[in-house]
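Architecture at a glance
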Amino acid sequence: MTEQGFLLDCAALRQFAEDALLHARKQGATAAEAYAHEGFGLSVTARLRDVESIEYNRGKDLSISVYLGQRLGHASTSDFSHRAIKETVESALSIARFTKEDDCAGLPEETLLAKEIPDLDLYHPWRLGTKEAIDLAIRCENAALNLDARIKNSEGASVSTHETQFVAANSLGFMGGYPTSRHSISCSVIAEQDKAMQRDYWYESNRDAARIIMPESIGEKAARRAASRLGAKKIQTGVFPVIFEAPVAASLLGHFTRAASGGALYRKASFLLDQLGQTVFPAFFNLHERPHLPGELSSAPFDREGVTTRDRDVVKDGVLEGYFLSVYSGRKLGLPTTANAGGSHNLLLPAGEHDLSGLMLLMGRGLLVTELLGYGVNIVTGDYSRGAAGFWIENGEIAHPVEEITIAGNLSTMLRNIVAIGSDIWISGSKQTGSIMVEGMTIAA
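Now for a quick tour of the structure. Just so we're clear, the structure is a prediction, and the values are computed from it rather than from any experiment.

About the criteria used
Residues numbered from 1 in each chain as written. Predicted model: local features only at pLDDT ≥ 70, side-chain atom pairs only at ≥ 80, totals over all residues. Heavy atoms only, no water. Phe/Tyr/Trp six-rings, centres within 6.5 Å; stacked < 30°, edge-to-face > 60°. Helix = DSSP H or I, 4+ residues; strand = E, 2+ residues; numbered from the N terminus. Buried < 20%, exposed > 50% of the residue type's maximum accessible area, 1.4 Å probe, protein only. Lys NZ or Arg CZ within 6 Å of the ring centre and 35° of its normal. Contact = heavy atoms within 4.5 Å. Pairing = 2+ DSSP bridges. Axes fitted to C-alpha atoms, helices over the stretch in contact; angles between N-to-C directions. Expected span 1.5 Å × (residues − 1). Arc of directions from axis to C-beta.

As for the packing of aromatic side chains
- Tallied over the entire structure, the rule returns 16 aromatic pairs.
- Seen from their ring centres, F174 and F302 are 5.2 Å apart, and the 80° between their planes marks the pair as edge-to-face. One end of the pair, F174, is in the loop between strand 4 (151-170) and strand 5 (175-193); the other, F302, is in the loop between strand 8 (287-289) and strand 9 (312-316), with 128 residues separating them in the sequence.
- Residue F174 is classed as buried on the basis of its relative accessible area of 5%.
- The rings of Y35, F166, F174, Y178 and F302 are connected pair by pair, giving a single aromatic cluster.
- A cation sits over an aromatic face here: R312 above F324, 5.1 Å from the ring centre.

This is the structure we're talking about:
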C-alpha cells in the first residue's frame, strides 16, 4: 500500500553510496560517483465509471561510475546487498579498463560542488489509498460525462502519485540528497455529434496534491475542450500567424532547449550551433532559469553531478546568453558547466500583457493551435512540420474549430518571429509559459 512509504531511510541510502565509493577506491579507481535511489507510486484509471487499471510500483537502484584516469565505466544494480554493491563496482571497473581515454571525462571541479543544500519544499507525501484514488478518478470522469450530452465516450480518468528519495555522492567528498513527490489527475473524453467525434483532455500535476484543483474541475474542462472541437471545418492553405496555446507552447521551448543542449552542440547537430551571444529571439524575449523556486516541479539545489544550481538568464533581450551544459559537454565545448546535467530547471518565460483572448484580438485572423500531432522536428536544421488541431480566428474571435492540418516553418525563423507572449502562464514540467504567437507560418489543409 502507498501508506507504507519508503522502506529505507536516507541514512541507509547514504551508506550504500559510501560503501560503493569506498570499494571503488580500494579497487584502484582514481575517482568515482554513486547514485542511490528508491521510489514508489500508485496509478489508477477509471473508464465509464468502472475501474480499468490499478498499478503499483516500487523500486530501488544504485548506479556507480568509476574512472581510471580518464577512462570511464558505469554499472548499476537493484540489489543493495554488500556483495552486489561490490560486484557492481567491479563490473564498472572492468568496463573502464576497456574504454578509450577521453580528455573531457572526470568529476566536476570541487569548487563547483554544492556545499549547502537548501530545503526547496519538494516533498509532499500523499498517502492515497487505492479505494480513495478510484473514487477521485470516478468523480473526475463523472463530471466530464455529466457536463454535456455530447460527451458520449471516455478514454478514462487517471489519478497517480509518486514519491522518490535519492542520495548522490562522489569521491571528492560531495554527498547530498532529498525526497521528492509528484502527483497528478487527468481526464480524456470523446464528444460526438452528427456521427463526428472529437477527443480532448486536461490534467494537473504538482508536488503537493493540495495544490491540484478539484477532480470535477479537471473533468469538466476536458469535456468543454472536447465539445468545443465538434463541427470542425477545412481552411485554406496559406501563410498565417499562429497562436500556440500555452500547454502546447511549452513544446517550442522544449525544441529550443534540445537545440541549446550540450550534447547536440558538441556533436554539431543543432541549428543553434555557434549562436551563443547572438540574437535568436525578438528583443522583448527573455527566458530565465530559476532552480530554487520552492515547491516547483523542476527545482533542484544541485544537478545530477552535484554541481550547485544558480539563477541565470538563458535569453536576455533576445540574445542567447547560455546553453544547457553538463560538466562533460561543457568541456567538449570549452565552456563551463551550467549545472544542467539531468536537464533544465524551471524555465520561466515572463507573461505578456495580453491573455489568450487578447492575443486573438491582436492576431485578428489566423490559427489557434490547441493540439500538436506527430513529430516532424529536425533539431539539426530547424525544419518544423507537425499535424495540428485547433480553431480558426476571424476578427479576433473563434470562427470554428479546425482539424487535419499541418503547420510548417523553420525553428530559427519561428523563434525570431515570435510577436507576443500571453499572460495565461501554464506550467509543463520544467517550462512555464503563456500562449505564444508566431508570425508567418505555413498552414496546409
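Digging into the environment of R97
- As for its position among the elements, R97 is in helix 2 (residues 82-98).
- As a C-alpha pair, R97 and I54 span 43 residues in sequence and 45 Å in three-dimensional space.
- In this structure R97 touches Q27, L68 and R71, once residues within four positions along its chain are discounted.

Overview of the pairing of strand 14 (residues 397-410)
- Relative to strand 14, strand 13 (residues 383-394) runs antiparallel, the two being bridged by 11 bridges. Pairing of I393 across the sheet is with I398, part of strand 14.
- With antiparallel pairing between neighbouring strands as the criterion, strand 13 and strand 14 make up a hairpin whose turn holds 2 residues, including N395 at a positive phi of roughly 55°.
- Here strand 14 runs beside strand 18 (residues 436-444); their pairing, made up of 3 bridges, is antiparallel. Among the inter-strand pairings, I407 is bridged to a residue of strand 18, identified as I443.

Describing the sheet that holds strand 5
- With antiparallel pairing, the 6 strands of this open sheet are ordered in space as 3-2-1-4-5-6. Of all strands in the sheet, those with a lone pairing partner are strand 3 (71-77) and strand 6 (196-206), marking the two edges. Strand after strand, the sheet turns through a mean of 20° between neighbouring axes, direction not considered.
- Of the strand pairs in this sheet, strand 2 (residues 50-68) and strand 3 are connected by 7 bridges, and their pairing is antiparallel. Bridge pairing in strand 3 links S65 to H74.
- Helix 1 (residues 10-26) rests against strand 1 (31-47), strand 2, strand 4 and strand 5 of the sheet, and its axis sits at about 55° to strand 4.

A look at helix 1
- Helix length check: helix 1, at 17 residues, gives a terminal C-alpha distance of 25 Å against a target of 24 Å (1.5 Å per residue), a fit within 8%.
- Within the sequence span of helix 1, burial applies to L13, F16, A17, A20, L21, H23 and A24. With its buried residues spanning 165° around the axis, helix 1 presents them on a single face. Exposed residues lying more than 90 degrees from the buried face of helix 1 are A11 and K26.
- Buried positions along helix 1 lie against strand 1, strand 2, helix 2 and strand 4.
- Where helix 1 ends, the next residue or the one after it, G28, has phi of about 100°, a positive value.

Functional significance is not addressed by these values, which are geometric in nature.
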